[in-house]
Amino acid sequence: MRLEDMPLARQIDHVFRQLETELTDAVAGTVTIQIRNNMIGKYGVRHHPIECINGRFLEKERGLTVQQVNEFRRMAVESLRMKRNWTHGEILFDFAVRRNREWTASVQYESNYNTANWMFRYQPKPSESSNQLA
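Overview of the structure. (Residues numbered from 1 in each chain as written. Predicted model: local features only at pLDDT ≥ 70, side-chain atom pairs only at ≥ 80, totals over all residues. Heavy atoms only, no water.)

**So, helix α1 (residues 8-18)**
Next up, step 1: All buried positions along α1 are accounted for by Leu8, Gln11, Ile12, Asp13, Val15 and Phe16.
Next up, step 2: Buried positions along α1 lie against α2 (20-23), β1 (28-36), β2 (39-47), α3 (66-79) and β5 (89-97). (Buried < 20%, exposed > 50% of the residue type's maximum accessible area, 1.4 Å probe, protein only. Helix = DSSP H or I, 4+ residues; strand = E, 2+ residues; numbered from the N terminus. Contact = heavy atoms within 4.5 Å.)

**Let's talk about the packing of aromatic side chains**
Describing an aromatic ring pair means giving the distance of the ring centres and the angle of the ring planes.
Next up, step 1: Within the structure shown, the criterion is met by six aromatic pairs.
Next up, step 2: Arranged with centres 5.4 Å apart and planes meeting at 55 degrees, the rings of phenylalanine 72 and phenylalanine 95 form a pair that is tilted. Note that phenylalanine 72 is positioned in helix α3 and phenylalanine 95 in strand β5, a separation of 23 residues in sequence.
Next up, step 3: Residue classification places phenylalanine 72 among the buried residues on the basis of a relative accessible area of 0%.
Next up, step 4: Its relative accessible area of 4% is what places phenylalanine 95 among the buried residues.
Next up, step 5: Members of the aromatic cluster, joined through ring pairs, are Phe16, Phe72, Phe93, Phe95 and Trp103. (Phe/Tyr/Trp six-rings, centres within 6.5 Å; stacked < 30°, edge-to-face > 60°.)

**Considering the sheet that holds β1**
Next up, step 1: On the basis of which strands lie adjacent, the open sheet formed by four strands has the order β2-β1-β5-β6 and antiparallel pairing. Both outer strands of the open sheet, β2 and β6 (103-110), are each paired with one neighbouring strand and no more. Within this sheet the neighbouring strands show an average axis-to-axis angle of 15 degrees, counted without direction.
Next up, step 2: Pairing of β1 with β2 involves seven bridges; the strand directions are antiparallel. Bridge pairing in β2 links glycine 29 to histidine 47.
Next up, step 3: The strands touched by α3 within the sheet are β1, β5 and β6, with β6 carrying the most contacts at an inclination of about 30 degrees. (Pairing = 2+ DSSP bridges. Axes fitted to C-alpha atoms, helices over the stretch in contact; angles between N-to-C directions.)

**Re the nonpolar core**
Next up, step 1: Phe16, Leu23, Val31, Ile33, Phe72 and Phe93 are the most contacted members of the largest nonpolar core, which totals 22 residues.
Next up, step 2: Looking at this core, the elements with two or more residues in it are α1, β1, β2, α3 and β5.
Next up, step 3: When neighbours within four sequence positions are excluded, phenylalanine 72 is seen to be in contact with Phe16, Leu23, Val31, Leu64, Phe93, Phe95, Trp103 and Ala105. (Core = buried A, V, L, I, M, F, W, Y, C linked by side-chain atoms within 4.5 Å.)

**Digging into the pairing of β6**
Next up, step 1: Sheet analysis places β5 next to β6, joined by eight bridges and oriented antiparallel. From the neighbouring strand, glutamate 90 faces β6, where its bridge partner is glutamate 110.
Next up, step 2: Where β5 folds back on β6, the antiparallel hairpin that results is connected by five residues, among which arginine 101 adopts a positive phi of roughly 75 degrees.

Purely spatial values, then, with no claim about function.
Here you go:
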C-alpha cells in the first residue's frame, strides 16, 4: 500500500516508525510533519544532540527509550482527533526527556503553512495606513 492511499492516522504511524531510530536516545527536539490534501509530504526531526551548561559540555544522557518512542507515536496518532476541518498545514510535535527520565511532549498545529508569509504579501502604502487610522 502506498503512503498516499493510507488514512492520515496510518501515515503518522508510518512516519514515527520511520523515525524510530533517530528518535531513540534523542534528548529533546521537534518532529515536523507537513500535510497537503491530507497526505504527508515532508517530515523530519530537529533535535538537540549536545547540551552545554555554563560553557561546559555535559556527557550525553540517554534520551527517549524504545518504549517512550512507541508511546510518543501513539500520542501523535491520538492527537489527530484535535485536527478539525483542514487539509493543508503542518504539525509540530515537541518532546523532551527530563533528568528524572520522564518525558514530555506537546503538539502544535498550523492549519496552512503558507500563512506565515501573509503579513509580507500585502504591505499597505503609507497613505492607506494613515487613512485607516482616521
